[in-house]
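# Examination of the molecular architecture
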Amino acid sequence: MKTLKHFAMMLVLVTMGFAFSSCSDDDEPFTDLASRVEGEYIGTLKPIGYTDEPARAYVSLVRVADDAVSFKCTCEAFDIDPDPRNLVIEERSGGVYYLTSESTYVIEGSASGNSLSITFAIGDIEWFFSGSK
């Protein structure tokens, strides 16, 4: 009986030891937003304000920093193959990532899950891309 009492006491102490030790709260949140949106996207590209039919296009987002990606869009039908531009990523709500140009170039869009929607200007024409990974 005395052994059972000591065993029960030891079990209580061990359980209390586990209960009071826990993971620390000072873990830093995941801030590598670029890894969440980087990849190759396939979709359609359409000039905004024109009657042209959408054409197959490819967008590449390559991680350049924790909060930035390099954006490149190519479309053979519209003969589009501009130089890559850097986009800054901001997470605003519920897994939606907003992409904006870090320079004076007009590029903005959003990524959610495997989907990407982005508008950008080349010369006087504004383009809209919509696609997925």
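Source: prediction; values computed, not measured. (Residues numbered from 1 in each chain as written. Predicted model: local features only at pLDDT ≥ 70, side-chain atom pairs only at ≥ 80, totals over all residues. Heavy atoms only, no water.)

A complete count under the given rule lists five salt bridges for this structure. For lysine 72, the salt bridge identified is with aspartate 81, shortest N-O distance 2.5 Å. Lysine 72 gets classed as partly exposed once you look at its relative accessible area, which sits at 25%. Owing to a relative accessible area of 52%, aspartate 81 belongs among the exposed residues under this scheme. One salt bridge connects arginine 92 with glutamate 90, and the closest N-O pair in it is separated by 3.3 Å. (Salt bridge = Lys/Arg side-chain N within 4 Å of Asp/Glu carboxyl O. Buried < 20%, exposed > 50% of the residue type's maximum accessible area, 1.4 Å probe, protein only.)

Leu45, Phe71 and Leu99 are the most contacted members of the largest nonpolar core, which totals 26 residues. Per element, the largest residue contribution to this core is four residues, and it comes from strand 2 (residues 55–65). If we ignore the near neighbours within four places in the chain, the residues touching leucine 45 are Pro54, Ala55, Ala57, Cys73, Cys75, Phe78, Ile80, Phe120, Trp127, Phe128 and Phe129. (Core = buried A, V, L, I, M, F, W, Y, C linked by side-chain atoms within 4.5 Å. Helix = DSSP H or I, 4+ residues; strand = E, 2+ residues; numbered from the N terminus. Contact = heavy atoms within 4.5 Å.)

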